[in-house]
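Reading the structure
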Amino acid sequence: MPNFSLFGKNALVCGSTQGIGKAAAIALAELGANVVLMARNAQALAQVCEQLPLVSEGQGHAYVVADFTDLETLKNALKEPIFQAKKIHILINNTGGPAPNLAHQAQAEAFRTAFEQHLIANQTLVQALVEGMKSEGYGRIINVISTSVKQPIYGLGVSNTIRAAVANWAKTLSLELGQFGITVNNLLPGMTETARLEAIIANNEAKTGRTRAEVVAEMTATIPAARFGKAQEIGAAIAFLASPAAAYINGINLPVDGGRTACL
């Protein structure tokens, strides 16, 4: 029988107050993991923490406040007692994407800010946690990025660029860390019902003058499944990659997009 149990495992889920991050936290908790939520809104973190299921004896959840746009607050958050008391086995890197824009019109600062918020923040987290994973002989680093690493999305110039950098960083890590029982994979969500997707739809409406229904119809027409994904579906894929059952899956980009990505 495949082993999906995360009993006794500790997971840190970034950007976990809403959308995919929240769904991932719930899915991991349902498999028995002790979940540490991380985001910048303390009140929202507390609310989500209370909603996380407890399915096994001794299981417990917590949260830590950090702002991924401010690396100093992130470094300080990683000094919190909870990270001294327990080793993190599972790291879910998940941060809101850059604002829509055309690459040739984007200011250099937009690329610099996104690079720090995504790749450098991810690197900071990995360096703080990887020794604990090595000592436990179990590690799962899962980066929630975008299908744009396989097929750039028009109008998301900065995001396309930075997501690709994160994907290649992750592949490099997978080569370095696989020998320690640590896997590094990228989860590539397609169009998923989140606040991020709503912002993209609204931006499209504003630029084209079309109704929301027209924009949505055009977008879903490109998806073989003929609908947007649900955050819970992305969370389930993340939970699988975090489980012992996925121990031999390392260094991949996994699209969860209803079949929309045109390439293999």
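Preceding this section is the structure that the text describes.
All values reported here derive from a predicted model rather than from experimental measurement. (Residues numbered from 1 in each chain as written. Predicted model: local features only at pLDDT ≥ 70, side-chain atom pairs only at ≥ 80, totals over all residues. Heavy atoms only, no water.)

For helix H2 (residues 42-51), the set of buried residues is Ala44, Leu45, Val48 and Cys49. Viewed along the axis of H2, the buried residues span an arc of 135 degrees, placing them on a single side of the element. Projecting away from the buried face of H2 at angles above 90 degrees are the exposed residues Gln43 and Glu50. Those residues of H2 that are buried are in contact with helix H1 (19-30), strand S2 (34-39) and strand S3 (62-65). One side-chain oxygen at the N-terminal end of H2 lies 3.1 Å from the backbone nitrogen of glutamine 43; it belongs to asparagine 41. (Buried < 20%, exposed > 50% of the residue type's maximum accessible area, 1.4 Å probe, protein only. Helix = DSSP H or I, 4+ residues; strand = E, 2+ residues; numbered from the N terminus. Arc of directions from axis to C-beta. Contact = heavy atoms within 4.5 Å. Polar contact = N/O pair within 3.5 Å; in protein donor to acceptor, adjacent residues only side chain to side chain.)

Moving on to unusual backbone geometry. Positioned with a positive phi, alanine 226 is a non-glycine residue whose angle comes to about 65 degrees. Of note, alanine 226 is situated in the loop between helix H8 (212-220) and helix H9 (231-242). Look at alanine 226 and you get exposed, because its relative accessible area is 56%.

Here leucine 12 lies in strand S1 (residues 10-14). Sequence-wise, leucine 12 and alanine 62 are 50 residues apart; in three dimensions their C-alpha atoms are separated by 9.5 Å. Aside from chain neighbours lying at most four places away, what touches leucine 12 is Val36, Met38, Phe83, Ile88, Ile90, Leu91, Ile92, Leu125 and Leu129.

For the coordinates displayed, the defined rule picks out one aromatic pair. Judged by centre distance (6.3 Å) and plane angle (55 degrees), the rings of phenylalanine 4 and phenylalanine 240 are tilted. Here phenylalanine 4 is found in the segment before S1, whereas its partner phenylalanine 240 is found in helix H9, with 236 residues between them in sequence. Looking at lysine 134, its charged tip hangs above the ring of phenylalanine 180, at a distance of 4.5 Å from the centre. Sitting above the plane of the tyrosine 138 ring, arginine 140 keeps its charged end 4.2 Å from the centroid. (Phe/Tyr/Trp six-rings, centres within 6.5 Å; stacked < 30°, edge-to-face > 60°. Lys NZ or Arg CZ within 6 Å of the ring centre and 35° of its normal.)

Another point: the environment of leucine 119. Relative to the assigned elements, leucine 119 resides in helix H5 (residues 108-136). Accessibility expressed as a relative area gives 11% for leucine 119, which makes it buried. Taking the C-alpha atoms as reference, leucine 119 lies 25 Å from glutamate 136; in sequence the two are 17 residues apart. For leucine 119, the residues in contact, after removing those within four places along its chain, are Ala114, Ala165, Val166 and Trp169.

Membership of the largest hydrophobic core comes to 33 residues, with the highest contact counts inside it found for Leu12, Met38, Leu74, Phe83, Leu91, Leu125 and Ile141. Secondary structure elements with two or more residues in this core: S1, S2, helix H3 (71-77), helix H4 (81-85), H5, helix H6 (157-177) and strand S6 (182-189). Considering every element that reaches this core, the biggest residue donor is H5, with seven residues. Of all hydrophobic cores here, the second largest spans 29 residues; its members include Val13, Ala24, Val35 and Ile90. (Core = buried A, V, L, I, M, F, W, Y, C linked by side-chain atoms within 4.5 Å.)

Attention shifts here to the pattern of salt bridges. Within this structure, the stated rule accounts for seven salt bridges. With a closest N to O distance of 3.5 Å, glutamate 131 and lysine 134 form a salt bridge. Taken together, the residues span about one helical turn, with glutamate 131 and lysine 134 both in helix H5 at a distance of three residues. The exposure class of lysine 134 is partly exposed, given its relative accessible area of 28%. Ionic pairing is found between glutamate 198 and arginine 212, a salt bridge with its closest N-O pair at 2.5 Å. Separated by 14 residues along the polypeptide, glutamate 198 in helix H7 (residues 195-208) and arginine 212 in helix H8 bring together distant segments of the chain. Given a relative accessible area of 37%, arginine 212 falls into the partly exposed group. (Salt bridge = Lys/Arg side-chain N within 4 Å of Asp/Glu carboxyl O.)

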